[in-house]
Protein chains: 2
Amino acid sequence: MTTSADPAISAFRESDQDEHPLPSWNEGATRQSILNFVRGITRTGGPQFVAPEERIAVFDNDGTLWSENPFYFQLAFVLDRVKALAPQHPEWKDNPLYSAVLRDDLKAVAAAGERGILELVTTTHAGMTTEEFSKIVEDWITDARHPKFNCPYTEVVFQPMLELLGYLRANGFKTFIVSGGGVEFMRVWAERTYGIPPEQVIGSSIVTKFEIRAGIPVLTRLPQLNFVDDSVGKPVAINMHIGRRPIAAFGNSDGDLQMLQWTTAGSGSRFALLVHHTDPIREYAYEATSMGKLEVALTEAQARGWTVVDMKTDWNRIFAFESEK
Amino acid sequence: MTTSADPAISAFRESDQDEHPLPSWNEGATRQSILNFVRGITRTGGPQFVAPEERIAVFDNDGTLWSENPFYFQLAFVLDRVKALAPQHPEWKDNPLYSAVLRDDLKAVAAAGERGILELVTTTHAGMTTEEFSKIVEDWITDARHPKFNCPYTEVVFQPMLELLGYLRANGFKTFIVSGGGVEFMRVWAERTYGIPPEQVIGSSIVTKFEIRAGIPVLTRLPQLNFVDDSVGKPVAINMHIGRRPIAAFGNSDGDLQMLQWTTAGSGSRFALLVHHTDPIREYAYEATSMGKLEVALTEAQARGWTVVDMKTDWNRIFAFESEK
């Protein structure tokens with residue numbers, strides 16, 4: 001295949017895959033399980049055929065479409081924003097949580113737990129209009145670099161999954177993100193990175209409020225959690241936003257378990273896949289970490305025959321920026 | 001033009017409109033304002049051109065796509081459901097609200113106000129799984145008949161608006177419903193009636209909960225309001241579900257005002273339209289009623305130059321079941 005420096009472009013070259021779909025996936029049972037499923041549900045008149053309007057596929061984001069190490073990329077955004085805002089907040093120096101961020105003491109940040117993270121999120125995500133927030137994310141995602149790979153976060157996306165998104169769309173699927181990440185954080189870059197438009201991005205959210213400011217209607221972001229799109233929240237969000245049950249679901253952690261359960265409990269042909277991070281050289285290897293923990297879902301995958309990707313052996317290329325083999 | 005007994009079918013005959021779009025709309029300023037807008041934003045290289053992915057159009061439902069008289073059709077569903085459930089609730093005979101419903105005393109029901117309506121809604125909409133609820137709606141929408149027109153409610157839809165939905169889609173628009181009605185009530189029939197898939201239907205909702213029942217994952221509907229998609233809620237819901245600002249918005253009442261304000265406040269070419277119910281013979285004529293009140297929005301439409309449909313003079317056909325002129 002031809003290489004492209006821009007992973008976003010390769011995501012859209014769906015026609016490249018006509019003759020040999022999923023080129024970054026090694027031949028074998030994992031790749032074959034995807035091909036078998038798609039060929040089954042697209043065969044007109046066949047026993048597994050699914051009408052195009054029912055071809056809904058849902059993807060977790062962190063750890064499934066892009067990396068989630070050394071920590072969630074949105075957390076990197078939060079920490080960078082705290083630093084950017086610090087000059088306007090001299091009082092933060094005397095606050096244990098904020099001062100921990102300012103001196104890069106991630107252990108102390110983590111020790112503040114969910115409550116601490118939530119405070120940092122609302123501080124950095126609320127208090128502006130939706131348009132102002134989008135601009136802040138846009139600027140950050142353009143400038144920020146991943147600490148290990150030294151490239152924009154939007155290039156730390158899995159080439160095999162981009163090919164999978166394209167392959168599914170070429171076969172009539174609508175592809176959705178269903179992520180614990182912030183919906184308005186992801187929408188800024190999801191369309192150009194994954195080819196997934198804003199209306200197909202579902203995520204966690206804070207409350208917004210409509211108001212007229214100096215004659216101009218705006219939506220203001222309030223420091224109040226609206227919805228957490230993780231775990232049991234994922235099927236709820238799928239039902240709320242999509243309104244039909246997906247026929248395929250892709251995740252990588254225990255937070256995706258309920259989404260995979262909900263998807264596979266429907267009638268007819270169903271597909272569920274977990275990305276198992278097993279490559280410490282090219283990416284990361286982990287299971288029992290605080291972020292992207294994969295334990296219960298892995299056991300259930302084995303019991304139910306869901307597809308599990310072994311990144312190290314199933315993917316011949318993980319990132320577009322790797323050199324060709 | 002040829003007639004079709006099935007309004008759903010005529011909605012999809014988008015190719016019929018190639019030569020003369022919007023046939024049920026009389027020639028004149030109203031129809032022309034739509035054509036001018038669409039021709040402007042689709043002219044490649046023109047000053048008003050809008051890329052296809054940004055062509056988002058949002059439609060209120062009650063009073064905009066179908067009638068809302070003698071009262072919201074979903075309220076007819078609520079009242080019918082109370083009657084259907086009454087044999088299991090002998091205690092309702094002694095309850096002023098429920099007994100009012102059972103003896104068709106709509107004045108007494110209305111007197112119970114928003115709190116009374118909300119109680120009836122949660123009684124009839126909660127306590128079952130999402131799949132069970134869809135089946136209940138499906139059965140009702142098949143059997144119920146509109147009291148004036150004596151046909152299924154899904155035929156009491158405005159033929160000119162079906163043509164408009166088709167015309168916009170033929171010009172690259174994604175069409176969404178943004179309604180105060182219940183999202184899971186509308187999704188059951190919106191796709192076949194309007195050609196709008198479930199994932200493009202946005203509405204009010206109650207809370208749902210994911211749980212495993214006897215090994216089967218289900219979503220249970222709880223008697224708790226989640227979101228009211230009316231008035232200031234409409235721009236909030238548009239932002240939450242669609243994530244980009246529409247370029248065209250269609251409504252008929254004061255509850256649509258903020259949606260039209262939000263839509264038209266964006267840059268570039270924008271379009272806003274209000275359906276004004278002015279035909280007491282073929283449909284209904286009203287402004288200052290409790291349902292579908294049109295006062296503030298009408299004044300703002302006049303001030304801002306939004307298009308206002310005079311149903312009596314602008315539409316040569318209101319319903320598909322009318323005889324040809």
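Residues numbered from 1 in each chain as written. Chains lettered and ligands numbered in written order. Predicted model: local features only at pLDDT ≥ 70, side-chain atom pairs only at ≥ 80, totals over all residues. Heavy atoms only, no water.

## Re the side chain of Glu184(A)
Within the secondary structure, Glu184(A) is located in helix H9 (residues 183-194). Reaching out from Glu184(A), the side chain makes a polar contact with the side chain of Arg221(A) at a distance of 3.2 Å. (Helix = DSSP H or I, 4+ residues; strand = E, 2+ residues; numbered from the N terminus. Polar contact = N/O pair within 3.5 Å; in protein donor to acceptor, adjacent residues only side chain to side chain.)

## Description of the sheet that holds strand S1 (residues 56-59) of chain B
Residues and elements named next belong to chain B. Spatially, 7 strands are ordered S4-S3-S2-S1-S5-S6-S7 in an open sheet, and the strand pairing comes out mixed. Looking at the sheet topology across the chains shown, the edges are occupied by strand S4 (216-227) and strand S7 (307-310). Averaged over all pairs of adjacent strands, the angle between strand axes in this sheet comes to 30 degrees, irrespective of strand direction. Pairing analysis gives 3 bridges linking S1 to strand S5 (residues 248-251), with the strands arranged parallel. Counted as the bridge partner of phenylalanine 59 is phenylalanine 250 from S5. Along the sheet, helix H12 (residues 296-304) contacts strand S6 (271-276) and S7; its crossing angle with S6, the most-contacted strand, is approximately 135 degrees. (Pairing = 2+ DSSP bridges. Axes fitted to C-alpha atoms, helices over the stretch in contact; angles between N-to-C directions. Contact = heavy atoms within 4.5 Å.)

## Considering the relation of the copies chain B and chain A
It takes a turn of 180 degrees to lay chain B on chain A, together with a shift of 0.0 Å along the axis; the resulting RMSD is 0.0 Å. Taken together, the rotation and translation relating the two chain copies correspond to the operation of a two-fold axis. It is His241(B) whose C-alpha, among those of chain B, lies nearest the rotation axis, at 3.3 Å. A shared binding surface is used by both copies, with 100% of the interface residues of chain B retained as interface residues in chain A. (Least-squares fit on C-alpha atoms with pLDDT ≥ 70 in both.)

## Quick notes on the interface of chain B and chain A
Each partner contributes to the interface: chain B provides 37 residues, whereas chain A provides 37 residues. For the pair chain B and chain A, the summed buried area comes to about 3000 Å², and 54% of that belongs to carbon and sulfur atoms. It is Glu199(B), Phe210(B) and Met240(B) in chain B that bury the most area against chain A; as a group they hold 22% of the surface buried on that side. Between Glu199(A) and Lys174(B) there is a salt bridge, with its nearest N and O atoms 2.8 Å apart. The interface formed by chain B and chain A holds 21 residue pairs in polar contact (both at pLDDT 80 or more) in total. Elements with a minimum of two residues in the side of chain B that touches chain A: helix H7 (130-143), strand S2 (174-182), helix H9 (183-194), strand S3 (201-213), S4, helix H10 (233-241) and helix H11 (257-264) of chain B. Considering every element that reaches the side of chain B that touches chain A, the biggest residue donor is S3(B), with 6 residues. Looking at the side of chain B that touches chain A residue by residue, the classes come out as 17 nonpolar, 10 polar and 10 charged. (Buried area = accessible area lost by both parts, 1.4 Å probe. Salt bridge = Lys/Arg side-chain N within 4 Å of Asp/Glu carboxyl O. Nonpolar A, V, L, I, M, F, W, Y, C, P; charged D, E, K, R; others polar.)

## Overview of the environment of Pro70(B)
By the secondary structure assignment, Pro70(B) is in the loop between S1 and helix H3 (73-85). As for Pro70(B) and Lys148(B), which are separated by 78 residues in sequence, their C-alpha atoms are 8.3 Å apart.

## Overview of the pairing of strand S5 (residues 248-251) of chain A
All names here are of chain A. Burial along S5 is two-sided: the face carrying Ala248 and Phe250 and the face carrying Ala249 and Gly251 are both buried. The pairing of S5 with strand S6 (residues 271-276) spans 4 bridges and is parallel. What sits directly across from alanine 249, in S6, is alanine 272. Regarding topology, helix H11 (residues 257-264) serves as the crossover connection from S5 to the parallel S6, and that connection is right-handed. (Buried < 20%, exposed > 50% of the residue type's maximum accessible area, 1.4 Å probe, protein only. Right-handed = clockwise from strand over helix to strand, strands pointing away.)

## Thoughts on helix H7 (residues 130-143) of chain A
All names here are of chain A. Taking 1.5 Å of rise per residue, 14 residues should cover 20 Å, and H7 covers 20 Å from first to last C-alpha, within 8% of that figure. By the burial criterion, the buried members of H7 are Thr130, Phe133, Ile136, Val137, Trp140 and Ile141. Down the axis, H7 shows its buried residues gathered within 125 degrees of arc, on one side only. Residues of H7 that are exposed and angled more than 90 degrees away from the buried face: Glu131 and Asp143. (Expected span 1.5 Å × (residues − 1). Arc of directions from axis to C-beta.)

## Quick word on H10(B)
Residues and elements named next belong to chain B. Along H10, 9 of the 9 residues are buried, which leaves the element largely enclosed by surrounding structure. Buried within H10 we find Gly233, Lys234, Pro235, Val236, Ala237, Ile238, Asn239, Met240 and His241. Trailing H10 by a residue or two, glycine 243 shows a phi angle of about 75 degrees, which is positive.

## Looking at a nonpolar patch on the surface
Residues and elements named next belong to chain A. A surface patch of nonpolar side chains, about 230 Å² in accessible area, is lined by Leu118, Leu225 and Val228. In this fold, leucine 225 is placed in strand S4 (residues 216-227). Look at leucine 225 and you get partly exposed, because its relative accessible area is 40%. (Patch = residues over 30% accessible without salt bridge, like charges linked within 9 Å, V, L, I, M, F, W, Y side chains within 5 Å. Areas by Shrake-Rupley, 256 points an atom, 1.4 Å probe, with all protein chains shown as cover.)

## Some points on the environment of Ile136(B)
Residue and element names in this part refer to chain B. The topology assignment puts isoleucine 136 in helix H7. The class of isoleucine 136 is buried, set by a relative accessible area of 19%. Sequence separation between isoleucine 136 and threonine 64 is 72 residues, and the spatial gap between their C-alpha atoms is 25 Å.

## Regarding the packing of aromatic side chains
On inspection of all chains with the given rule, the structure shows 44 aromatic pairs over all chains. Taken together, the ring pairs in this structure connect Trp66(A), Phe73(A), Phe77(A), Phe133(A), Trp140(A), Tyr153(A), Phe185(A), Trp189(A) and Tyr194(A) into an aromatic cluster. Just above the ring of Tyr284(B) sits the side chain of Lys148(B); from NZ or CZ to the centre is 4.5 Å. Cation over ring: Arg245(B) sits above Trp262(B), and NZ or CZ is 3.7 Å from the ring centre. (Phe/Tyr/Trp six-rings, centres within 6.5 Å; stacked < 30°, edge-to-face > 60°. Lys NZ or Arg CZ within 6 Å of the ring centre and 35° of its normal.)

## Section: the pattern of salt bridges
One pass over the structure, following the stated rule, counts 34 salt bridges over all chains. Put simply, Lys234(A) and Asp60(A) hold a salt bridge, and the shortest N to O gap is 3.0 Å. In this pair, Lys234(A) is assigned in helix H10 (residues 233-241) and Asp60(A) in the loop between strand S1 (56-59) and helix H3 (73-85), connecting sequence segments 174 residues apart. With relative accessibility at 0%, the residue Lys234(A) sits in the buried group. In this structure, Lys83(A) engages Asp104(A) in a salt bridge whose closest nitrogen and oxygen atoms are separated by 2.6 Å. On the criterion of sequence distance, the pair formed by Lys83(A) in helix H3 and Asp104(A) in the loop between helix H4 (96-102) and helix H5 (106-111) is long-range, its members being 21 residues apart. Residue classification places Lys83(A) among the partly exposed positions, given a relative accessible area of 32%. Residues participating in the shared-partner salt-bridge network are Glu54(A), Lys174(A), Arg244(A), Glu191(B) and Glu199(B).

## Considering the confidence of the model for chain A
Of all residues in chain A, 94% have pLDDT values of 70 or greater, and the mean over the chain is 93. Scored below 50 in pLDDT, residues 1-14 of chain A makes 33 contacts in the model with residues more than four places away or belonging to other chains. (pLDDT = per-residue confidence, 0-100.)

## With respect to unusual backbone geometry
Residues and elements named next belong to chain A. With an omega of 5 degrees, the peptide bond between asparagine 69 and proline 70 qualifies as cis. Non-glycine residue aspartate 104 carries a positive phi angle of around 60 degrees. For alanine 214, which is not glycine, the phi torsion reads 50 degrees and is therefore positive. Mapping alanine 214 onto the fold places it in the loop between strand S3 (201-213) and S4.

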